[in-house]
Each structure stands twice: as C-alpha cells, then as structure tokens.
Amino acid sequence: MTDQNPAPVDATGQDPAEAGPALIVMHQFLKDFSFENPLGHETPTALKEAPTGIIRVDVRVKPLTPPDIEVVLFMSVDAKIGDKSVYLVESEYAGLFRLGRVPQEHVLPLVMIEAPRLLFPFARQVIANAVAAGGFPPLLINPVDFVAMYREKREEMLKQAEAQKAAAPGSAAVN
C-alpha cells in the first residue's frame, strides 16, 4: 500500500514536527531587583488615595554560545501620589533560551516577542509581591503588547541605520 499523503517537509528536507520546538526555556531567574519606599513608616498615613504611576518595559538580549541566548525583561514602576514618590520598583527578570531549528528571519521575532511573553507573568508576579510586601495596595500590571514593542524597535533601528548611511563619508550626492 502506498502512502497517499507524504509527511510535509521544510526547506531542510526535514519534517517540521520532528525538528523540535522553536524556543525552549532552559532556565529563568531574577537577575536584579530593587524596591524603594521613600515614605517608610509614614506609608499607611500617606496613602489617602491610590498611587498612580508609570510602568516602563524593555527587552534586552545577550547572545551566548549558539544556540543559547539570554533574554532580560526589564520592568520599572514609579508610583506617585501627586508629585510625591511613594515607591519605585525595578526588576530584571531573565531567561536562558535555546533556539530550535528556525529560519533566520524568525529568530529576532522569537527572541523579542515570544521569549519576553513567556517571562512576563513571572516578572509581573515578583513586582506585585514586592509592592504588597511594601504595604501598598495591589498592583495590577496589564499584559504588554510585545509585538508592538518589537515593531517600534525595528522601525527605530531602521531609521538609525538610514541616518548613519546618509551621514557616512562619500554618501553625499554630487552635482
């Protein structure tokens, strides 16, 4: 009996199902952490209203021995009441990832979108626990759109590359 539906193959001639996962979490860890409570013992009396603030998120990548890569999810929260700072949290939550056999054009999106997406819930929990332990109301951090962050960074890098190309010697137009 002949097989009417042969197994699909990728560009390498290998069955994609046998190639393994594109991204594997080898290890994850809290790399750096800081919590500042400038109000100290005044915290309970100073909180007449819920603090508001700014949450910053960044993704940093450090290539290691191939196919391994370290991805660090940096998050900071600067909470204030009016113009008075009530707490500042900074966290670097990292993961050691192993890249599977993926086309080169998929590596950067995997590293800049999927890896931080996997780290985010853990980083958010570390920050939420620290804020609660500091005596403050619960901090709920909404999910982050890592696709939009990746697109913004890619656009920024393309603009910088174009600017460098235009500023390079010998690139000026000759009349």
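Just above sits the structure.
Residues numbered from 1 in each chain as written. Predicted model: local features only at pLDDT ≥ 70, side-chain atom pairs only at ≥ 80, totals over all residues. Heavy atoms only, no water.

### Considering the environment of S76
Then comes step 1: With respect to the helices, strands and loops of the structure, S76 is situated in strand β3 (residues 68-81).
Then comes step 2: In the structure, S76 is positioned 19 residues away from V57 in sequence and 6.8 Å away in space, judged by C-alpha atoms.
Then comes step 3: The residues touching S76, leaving out its near neighbours within four places in the chain, are I54, I55, R56, V89 and E90. (Helix = DSSP H or I, 4+ residues; strand = E, 2+ residues; numbered from the N terminus. Contact = heavy atoms within 4.5 Å.)

### Focus: the nonpolar core
Then comes step 1: With 33 residues, the main nonpolar core has V71, L73, Y87 and I127 as its most contacted residues.
Then comes step 2: Breaking this core down by element, the ones donating at least two residues are β3, β4 (84-99), α2 (104-133) and α3 (146-167).
Then comes step 3: At eleven residues, α2 tops the list of elements feeding residues into this core.
Then comes step 4: Residues in contact with L73, not counting those within four places in the same chain, are V57, D58, V59, S91, E92, Y93, P116, L119, F120, A123 and F146. (Core = buried A, V, L, I, M, F, W, Y, C linked by side-chain atoms within 4.5 Å. Buried < 20%, exposed > 50% of the residue type's maximum accessible area, 1.4 Å probe, protein only.)

### A short note on a negative patch on the surface
Then comes step 1: On the surface, D145, E152, E155 and E156 cluster together into a negatively charged patch.
Then comes step 2: Looking at the secondary structure, you find E156 in helix α3. (Patch = residues over 30% accessible without salt bridge, like charges linked within 9 Å, V, L, I, M, F, W, Y side chains within 5 Å. Areas by Shrake-Rupley, 256 points an atom, 1.4 Å probe, with all protein chains shown as cover. Salt bridge = Lys/Arg side-chain N within 4 Å of Asp/Glu carboxyl O. Lys, Arg positive; Asp, Glu negative; His and termini not counted. Charge placed at Lys NZ, Arg CZ, Asp CG, Glu CD.)

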